[in-house]
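Remarks on the overall topology
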Amino acid sequence: MFWFDVEKVVGFVVGFAKKVQEGEEMSEIEEGCLLPSESELLLCGVDHMYLSGIYYALNVCALMKQPSMLSASLFIPLVEKCRNDQDGGYGGNVGFPSHVLYTFSALQIMALAGITLVEEDVSKTVDFLLQRINATTGEIYGDAFCMPDTRFSYCVLAGLHLLGALERVDESLRDRIAAHLLCCQGDDGGFGMTPFAESHGGQTFCVVASLSILGKLDKIDKNSLHSWLQLRSWKKKEKDEFEHGPAEKAGGFHGRSCKPPDSCYSWWIGACFVILGLMDEICIEEALEFVVSLQQPDGGVAPREGDASDLFHTQFAVAAACMFLPYGKIEEINIQYEPCDPRTCLPKYVLNHVG
C-alpha cells in the first residue's frame with residue numbers, strides 16, 4: 001500500500017511558513033506575522049496569493065494529523081491584517097484589495113484554527129459575499145469589477161456555508177444562481193468559467209460543489225457530465241494514445257482533453273465523483289498510488305512525473321488521497337489521516353465546528 005512519507009510532506013509545507021534549519025527546532029512566529037522570503041514566495045506563487053498558501057500548508061498538516069507542527073492560531077493575526085474593514089472581505093496579503101478567492105481562504109484558515117468571528121465581523125463578511133451576487137442574472141463576481149466566473153460562485157457559496165449564512169440566499173435567488181451555473185455546461189458535459197467557455201476540471205468541480213451546497217445537484221444533466229468525467233480518468237489503455245502517455249501512470253486524472261494527468265486533478269475531478277456518488281467507478285488503489293508516487297525527495301508533490309514539487313499540488317494531492325482513502329479496501333490500518341470533505345477541501349471534523 002502506497003502512502004506519503006508524512007514527515008517529509010509535513011516538513012515541506014511547514015518549510016513554506018517557517019524557516020527550519022536542519023537539526024534545530026522550529027522557531028515561533030511572532031504574532032503570526034511572517035514575512036515570506038523569496039523562496040517561500042516561489043512556493044506560494046506570488047505575494048498576492050499568500051493567504052491561500054497559508055491555507056494549503058495548514059490543511060496538509062491537519063489532514064496528516066500533524067496540526068501541532070504548524071498551529072493555525074499563529075496565523076490569525078496575519079489573517080486579520082488581510083481583512084479590509086471597509087467592505088468585510090479579505091485580500092490575498094496585507095494591503096491587497098478584497099476578493100472572494102482570498103476571503104474563502106481566510107475562512108478556511110479560521111475554520112482550521114477553530115476561530116469564530118465576532119458577530120459584527122461575520123455580518124460584514126456575509127454582506128461582502130452577498131454583494132458579489134447579481135440577483136438578476138445569478139452570476140457571481142470576484143470583486144468590485146464584476147467579472148463572473150464559476151470559481152467565484154463556488155467561493156461565495158462555500159464561504160457562506162462556512163459562515164452558516166446560506167439562509168441569506170432565498171430559494172428564488174438559489175434558482176437563479178443554479179440556472180446561471182447550468183448555462184456554463186458545454187455540449188461535452190463539462191463546465192467552464194462562463195457560458196460557452198471551454199470545459200475544465202477545476203470549473204467543473206466548482207459548479208458541482210456549488211450546486212451541491214445549494215441543494216440543486218438534481219438539476220445537472222448528469223448523463224453528459226458523467227460521460228465527461230469518465231474521459232478525465234487516466235486508464236492504462238490510454239498510455240499509448242498521446243506522445244506523453246507512456247511516461248504517465250494509470251490512476252490519475254486530467255482537466256481537459258488531450259492533456260496528461262496532473263496530481264491536482266485527482267482533487268478537482270475526484271471530488272466530483274465523490275459528490276455525485278460515483279466512487280465505484282474509480283480504482284481507489286490506482287488513484288492513491290498515482291498521487292503518492294509523485295512525492296519528491298524534498299517531501300512535496302509534483303504535478304506529474306519529472307516536474308518539481310510545489311505547495312499547490314502538494315495540498316491538493318494530499319487532500320485527494322485523504323478523500324479517497326475511506327472508499328478503498330485498504331488493508332493497512334496504521335495510516336494516520338483525517339478524511340477530507342469533498343465540497344470544502346477541509347478535514348471533515350472541522351465542519352462540526354463552523355457556521
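Let me begin by describing the structure that accompanies this report. (Residues numbered from 1 in each chain as written. Predicted model: local features only at pLDDT ≥ 70, side-chain atom pairs only at ≥ 80, totals over all residues. Heavy atoms only, no water.)

1. Description of the packing of aromatic side chains
So the rule is basically this: Ring geometry is summarised as follows: Phe, Tyr and Trp rings, the Trp one being its six-membered ring, pair when their centres sit within 6.5 Å, and such pairs are stacked at plane angles under 30 degrees, edge-to-face over 60 and tilted between the two. The helix and strand labels rest on DSSP assignments: H or I over at least four residues marks a helix, E over at least two residues marks a strand, and numbering proceeds from the N terminus. A ring is scored as having a charge over it whenever the NZ atom of a lysine or the CZ atom of an arginine sits within 6 Å of its centre and within 35 degrees of its normal.
If you walk through the whole model with that rule in mind, you get 13 aromatic pairs. Consider the rings of Tyr-56 and Phe-316, whose centres lie 5.8 Å apart with planes at 65°: the pair is edge-to-face. Taken together, the positions of Tyr-56 in helix 3 (residues 50–63) and Phe-316 in helix 13 (residues 311–324) put the pair 260 residues apart, joining distant regions of the chain. Aromatic ring contacts, followed pair by pair, group Tyr-55, Tyr-56, Phe-104, Tyr-154, Phe-205, Trp-267, Trp-268, Phe-312 and Phe-316 into a single cluster. For the cation-ring pair, Arg-232 lies above Trp-228, with the distance from its terminal atom to the ring centre recorded as 4.7 Å.

2. So, the pattern of salt bridges
Filter applied, for reference: Here a salt bridge means any side-chain nitrogen of Lys or Arg lying within 4 Å of a carboxyl oxygen belonging to Asp or Glu. Only protein chains enter the accessibility calculation, which uses a 1.4 Å probe; a residue whose area is less than 20% of its type maximum is buried, one above 50% is exposed, and one in between is partly exposed.
Within this structure, the stated rule accounts for nine salt bridges. Here Glu-171 and Lys-216 are joined by a salt bridge, their closest N and O atoms 2.5 Å apart. Placement of the pair is Glu-171 in helix 8 (residues 171–183) and Lys-216 in the loop between helix 9 (201–214) and helix 10 (222–231), with a sequence separation of 45 residues. With relative accessibility at 7%, the residue Lys-216 sits in the buried group. Across the salt bridge formed by Arg-256 and Glu-198, the nearest N and O atoms sit 3.5 Å from each other. One end of the pair, Arg-256, is in the loop between helix 10 and helix 11 (265–275); the other, Glu-198, is in the loop between helix 8 and helix 9, with 58 residues separating them in the sequence.

3. Let's talk about the nonpolar core
Quick note on the threshold: Here the nonpolar core consists of buried residues drawn from Ala, Val, Leu, Ile, Met, Phe, Trp, Tyr and Cys, with membership extended through side-chain atoms lying within 4.5 Å. Throughout, a contact is declared for two residues whenever any of their heavy atoms are within 4.5 Å.
Counting 116 residues, the largest nonpolar core has Trp-3, Phe-205, Trp-267 and Phe-324 as the members making the most contacts within it. Broken down by element, the residue count for this core peaks at 11 residues, all from helix 3. When neighbours within four sequence positions are excluded, Phe-205 is seen to be in contact with Tyr-154, Trp-267, Trp-268, Ala-271, Cys-272, Ile-275, Pro-342 and Arg-343.

4. What about helix 7 (residues 150–162)?
For clarity, the threshold we go by: Here, expected helix span is obtained from the residue count minus one, scaled by 1.5 Å.
Here helix 7 contains 13 residues, and its C-alpha end-to-end distance of 18 Å stays within 8% of the 18 Å for a straight helix at 1.5 Å per residue. Where burial is concerned, most of helix 7 is hidden: 11 out of the 13 residues are buried. Check the buried side of helix 7 and you find it contacts helix 5 (100–113), helix 6 (119–130), helix 8 and helix 9. Gly-164 lies just past helix 7 and shows a positive phi near 65°.

5. Describing the layout of surface pockets
Vacant regions in the atomic arrangement are exposed by a probe of water-molecule size rolled over the atoms. We count it as follows: Only protein atoms enter the calculation, which uses a 1 Å grid: trapped sets of points that fit a 1.4 Å probe without letting it out are cavities, open sets showing protein on both sides within 12 Å along at least five of seven lines are pockets, and any residue with an atom within 4 Å of a point is a lining residue. Grid points are joined across faces, edges and corners, and a volume is the space filled by probe spheres set on the points. Throughout this entry, Asp, Glu, Lys and Arg are counted as charged residues, while Ala, Val, Leu, Ile, Met, Phe, Trp, Tyr, Cys and Pro are counted as nonpolar. The remaining residues, Gly among them, count as polar.
Taken as a whole, the largest pocket encloses approximately 590 Å³ of empty space. Along the walls of the largest pocket sit 25 residues, with Tyr-56, Leu-101, Trp-268, Phe-312 and Phe-316 positioned nearest its centre. Looking at the lining of the largest pocket element by element, the count peaks at five residues for helix 5. Of the residues in the lining of the largest pocket, the class split is 17 nonpolar, seven polar and one charged.

On their own, these measurements won't tell you what the molecule is for.
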